[in-house]
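Below are the chains, spelled out letter by letter.
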Amino acid sequence: MIRYYSTNRHRTGPGLKPFTGRVGFREALLMGQAPDGGLFMPDRIPRLAPEEISSLKGEPYWRAAWLVGRLYWEDSIPAGDLERIVREAYDFEVPIEPVDGRRHILRLDRGPTASFKDFAARLMSRLMSYFHSGGGRLKVLVATSGDTGSAIGEAFKGVAGVEVYILYPEGEVSPRQKRQLDTIGGNVRALVVKGKFDDCQNLVKRAFLDPDLARLNLTSANSINIGRVLPQSVYYVWSYAQLAEKGEEAVISVPSGNFGNAFGCELARRMGLPVRRLVMATNANDEFPDFLRTGVYRKVEPSRKCISNAMNVGHPSNLARFFDIYGGSLDRTGEVIRPPDLDRMRKRIFSLAVSDAETRQTIVEVYRRHRVILEPHGAVGWKGLEEYRKREGDDCLAISVETAHPAKFPEEIESLLGVHPPVPPGLRDLDRRKGEPIPLSGDYASFRDFLLSGDPPA
Ligand SMILES: *Cc1c(COP(=O)(O)O)cnc(C)c1O
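Read on for a plain summary of the structure. (Residues numbered from 1 in each chain as written. Predicted model: local features only at pLDDT ≥ 70, side-chain atom pairs only at ≥ 80, totals over all residues. Heavy atoms only, no water.)

1. Some details on empty space enclosed by the protein
For the record, the criterion: In the cavity and pocket records, a cavity denotes points on a 1 Å grid over the protein atoms alone where a 1.4 Å probe fits but cannot get out, a pocket denotes an open set with protein on both sides within 12 Å along at least 5 of 7 lines, and lining residues are residues with an atom within 4 Å of a point. Grid points are joined across faces, edges and corners, and a volume is the space filled by probe spheres set on the points. Helix numbers and strand numbers start at the N terminus; a helix is a DSSP run of H or I with at least 4 residues, a strand a run of E with at least 2. Following the grouping adopted for this structure description, the nonpolar residues are Ala, Val, Leu, Ile, Met, Phe, Trp, Tyr, Cys and Pro, the charged ones are Asp, Glu, Lys and Arg, and the polar ones are all others, Gly among them.
In this structure the tally under the stated criterion is 2 cavities of 30 Å³ or more. Each pocket or cavity is described by its volume, and for the largest cavity that value is around 40 Å³. Forming the walls of the largest cavity are Ala65, Val68, Gly69, Tyr72, Trp73, Leu123, Leu230, Pro231 and Val234. The element contributing the most residues to the lining of the largest cavity is helix α3 (residues 61–73), with 5 residues. Taken together, the residues that form the lining of the largest cavity break down as 8 nonpolar, 1 polar and no charged. Taken as a whole, the second largest cavity spans an internal volume of roughly 30 Å³. Contributing to the lining of the second largest cavity are Val251, Leu385, Tyr388, Arg389, Asp394, Cys396 and Ala398. Top element by residues in the lining of the second largest cavity is helix α16 (residues 376–392). It accounts for 3 residues. Along the lines of polarity and charge, the residues of the lining of the second largest cavity split into 5 nonpolar, no polar and 2 charged.

2. Some remarks on the environment of Ala357
Put simply, the rule reads: Accessibility here uses a 1.4 Å probe with only protein chains present; expressed as a share of the type maximum, an area under 20% marks a residue as buried, one over 50% as exposed, and anything in between as partly exposed.
As for its placement among the helices and strands, Ala357 is situated in helix α15 (residues 356–370). A relative accessible area of 53% means that Ala357 is categorised as exposed. As for Ala357 and Gly24, which are separated by 333 residues in sequence, their C-alpha atoms are 46 Å apart.

3. A closer look at the packing of helix α8 (residues 197–209) against helix α19 (residues 444–453)
Just so we agree on the cut-off: A fitted line through C-alpha atoms serves as each axis, taken over the contacting stretch for helices, and the angle formed by two N-to-C directions is quoted from 0 to 180°. Here the angle decides the label: under 35 degrees means roughly parallel, over 145 means roughly antiparallel, 65 to 115 means roughly perpendicular, and every other value means oblique. Less than a right angle of anticlockwise turn of the near helix away from the far helix marks a crossing as left-handed, whereas a clockwise turn marks it as right-handed. In this description, contact between two residues means that some pair of their heavy atoms is separated by no more than 4.5 Å.
The N-to-C vectors of α8 and α19 enclose an angle of 60°; their axes lie 10 Å apart at closest approach. Classified by the angle their axes make, α8 and α19 are oblique. The handedness of the crossing between α8 and α19 comes out as right-handed. Listed contacts from α19 to Leu203, Val204, Arg206 and Ala207 of α8 are Tyr444, Phe447 and Leu451. Across the contact of α8 with α19, the residue classes break down as 6 nonpolar, no polar and 1 charged.

4. Concerning the pattern of salt bridges
Convention followed: Salt bridges are defined by distance alone: a side-chain nitrogen of Lys or Arg within 4 Å of a carboxyl oxygen of Asp or Glu.
In the structure shown here, the tally under the stated rule is 36 salt bridges. A salt bridge links Asp109 to Arg110; its shortest N-O distance comes to 2.9 Å. The exposure class of Asp109 is buried, given its relative accessible area of 0%. Between Lys139 and Glu163 there is a salt bridge, with the nearest N and O atoms lying 3.5 Å from each other.

5. Concerning the layout of surface pockets
A probe as big as a water molecule, rolled over the atoms, marks out the empty space that is left. The space that makes up the second largest pocket amounts to roughly 230 Å³. Taken together, 13 residues line the second largest pocket, and the ones lying closest to its centre are Pro289, Arg293, Ser351, Leu352 and Arg391. It is strand β13 (residues 349–353) that provides the largest number of residues to the lining of the second largest pocket, a total of 5 residues. For the lining of the second largest pocket, a count of residues per class yields 6 nonpolar, 1 polar and 6 charged.

6. Overview of the site of the ligand
Just so we agree on the cut-off: Here a residue counts as near a molecule or strand whenever at least one of its heavy atoms sits within 4 Å of it. In the analysis that follows, any N or O atom pair within 3.5 Å is treated as a polar contact, provided that within protein one partner can donate a hydrogen and the other can accept it, and provided that, for residues neighboring in sequence, both atoms belong to side chains. For every accessible area listed, the method is Shrake-Rupley and the probe measures 1.4 Å; residues are considered covered only by the protein chains on display.
Taken together, 13 residues are adjacent to the ligand, and Lys117, Gly257, Asn258, Phe259 and Thr403 come closest. Between the ligand and Gly260 there is a distance of 3.2 Å, counted from an oxygen atom to a backbone nitrogen or oxygen. At 2.8 Å, a side-chain N or O of Thr403 approaches a nitrogen atom of the ligand. Protein burial of the ligand: of its 380 Å² of free accessible surface, 95% is covered by the chains. By residue class, the composition of the shell around the ligand is 5 nonpolar, 7 polar and 1 charged.

7. Examining the packing of aromatic side chains
Two numbers describe a pair of aromatic rings. These are the distance of the centres and the angle of the planes. To be explicit about the condition: A pair of aromatic rings is counted whenever rings of Phe, Tyr or Trp (Trp by its six-membered ring) have centres within 6.5 Å, and the orientation is called stacked for planes under 30 degrees apart, edge-to-face for over 60 and tilted otherwise. We count a charge as sitting over a ring when the NZ of a lysine or the CZ of an arginine lies within 6 Å of the ring centre and within 35 degrees of the ring normal.
Under the criterion given, the structure shown has 22 aromatic pairs. Ring geometry for Phe259 against Phe322: centres 6.3 Å apart, planes inclined by 90°, an arrangement best described as edge-to-face. Of this pair, Phe259 sits in the loop between β9 (250–255) and α11 (260–270) while Phe322 sits in helix α13 (residues 319–325), and the two are 63 residues apart along the sequence. The exposure classification of Phe259 matches that of Phe322, with both residues buried. Through pairs of rings, three or more aromatic residues link up here, namely Tyr61, Tyr90, Phe92, Phe119, Tyr235, Tyr236 and Trp238. Taking NZ or CZ as reference, Arg270 lies 4.8 Å from the ring centre of Tyr326, over its face.

8. Observations regarding unusual backbone geometry
The omega torsion of the bond from Glu301 to Pro302 falls at -5°, within 30 degrees of zero and hence cis. Along the chain, the position of Pro302 falls in the loop between α12 (287–294) and α13. In this structure, Ala114 is a non-glycine residue whose phi angle is positive, near 60°. With respect to the element layout, Ala114 can be found in the loop between β4 (103–107) and α5 (117–131). Judged by relative accessible area, which is 0%, Ala114 ranks as buried.

So, in structure tokens, the structure goes:
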């Protein structure tokens with residue numbers, strides 16, 4: 001059985017209590033993070049045989065999720081239940097677009113909120129519902145500054161036995177994001193907080209620590225949950241199987257912010273996927289490419305604002321997982337407790353920072369040459385791949401990930417390309433949806449009373 005340990009287990013020092021135990025998947029999923037604030041990691045990475053990977057050629061996406069899921073949850077979810085869960089989670093298309101020669105775009109932008117976060121959120125929500133047994137409904141709390149909240153909210157919509165509360169800061173989300181959050185409805189409630197994103201996060205953190213709320217079955221669905229990371233290894237396996245011939249190697253490029261998506265690829269590699277190089281392209285938040293070059297880790301603080309805004313992260317939380325899997329240890333504040341094997345990291349990972357000017361130029365060039373529309377995040381990934389090819393002279397099979405739909409950035413695309421990107425199903429009727437958020441003052445006592453009563457505070 002695979003168990004999960006904490007990335008902070010090596011930390012020592014006054015007042016620190018490293019978590020040196022191991023927990024099962026169910027506990028890791030429902031706890032969200034380790035008691036010492038570390039991230040959960042599997043103590044063994046299961047292997048996929050080459051024939052298992054190639055057997056996915058021509059198969060629907062959910063088959064790959066089932067195959068990978070079986071490796072992790074064989075002893076906790078019966079095969080038939082897992083099939084039902086993944087078929088329901090992955091009921092949308094996953095296009096692979098040939099661009100040039102052996103280079104492809106993998107579009108992870110056709111889920112209900114048109115970003116790749118749907119892939120993880122839709123499976124994690126169903127796993128939480130499945131694993132939550134015992135009395136009472138599970139209450140999921142999420143603090144969001146935009147996209148994550150709607151992906152989580154949509155993913156939990158209608159999921160049995162679960163209520164979701166999304167806290168977002170008044171005036172800090174775009175009007176479009178606000179509509180997406182306010183109108184999910186059903187078992188998903190939007191709470192608009194007087195304050196900033198940090199205030200939302202603090203309310204959620206205090207609620208988890210509050211003994212008065214212990215009986216409420218509170219859990220979090222934040223980006224470091226292991227239940228969000230594992231599903232993010234599946235699309236690498238599936239897309240590779242569609243394109244590869246006879247076990248050949250592939251280069252995979254992932255536009256990266258918090259590094260959860262890229263870590264999914266690192267896991268897939270260790271499960272047996274022949275990844276020659278993982279390209280991790282960042283925007284101007286260049287702490288990781290700098291670290292690979294110099295061996296010195298310096299977070300970017302405050303983080304830099306770029307047009308690929310979902311990647312404006314100056315200290316990626318999932319970097320602790322990369323450190324761990326390469327034999328090192330990094331704490332939450334960005335302090336290196338133990339350096340990773342840098343030589344090995346450099347051999348397997350290529351990382352590069354892409355400026356906003358280069359991002360825009362890439363969107364224009366790719367459209368002009370290939371008639372393929374990229375949005376800013378996907379363009380960062382594509383530019384990373386192109387630079388890798390130029391420097392290494394490598395012309396092997398390549399997959400670059402597009403993480404959001406271009407229709408989420410209509411002004412940028414229109415000003416660069418003079419075209420309107422077609423709107424995907426998930427965003428189509430947004431203006432007609434109805435729903436109002438529940439206002440919260442930002443004061444903890446009223447949030448607690450609200451959770452206890454299930455009603456808005458007067
Ligand atoms: C969240 C997000 C990213 C960054 O993914 P990480 O897993 O945080 O590296 C990239 N693109 C889009 C559109 C996103 O929403």
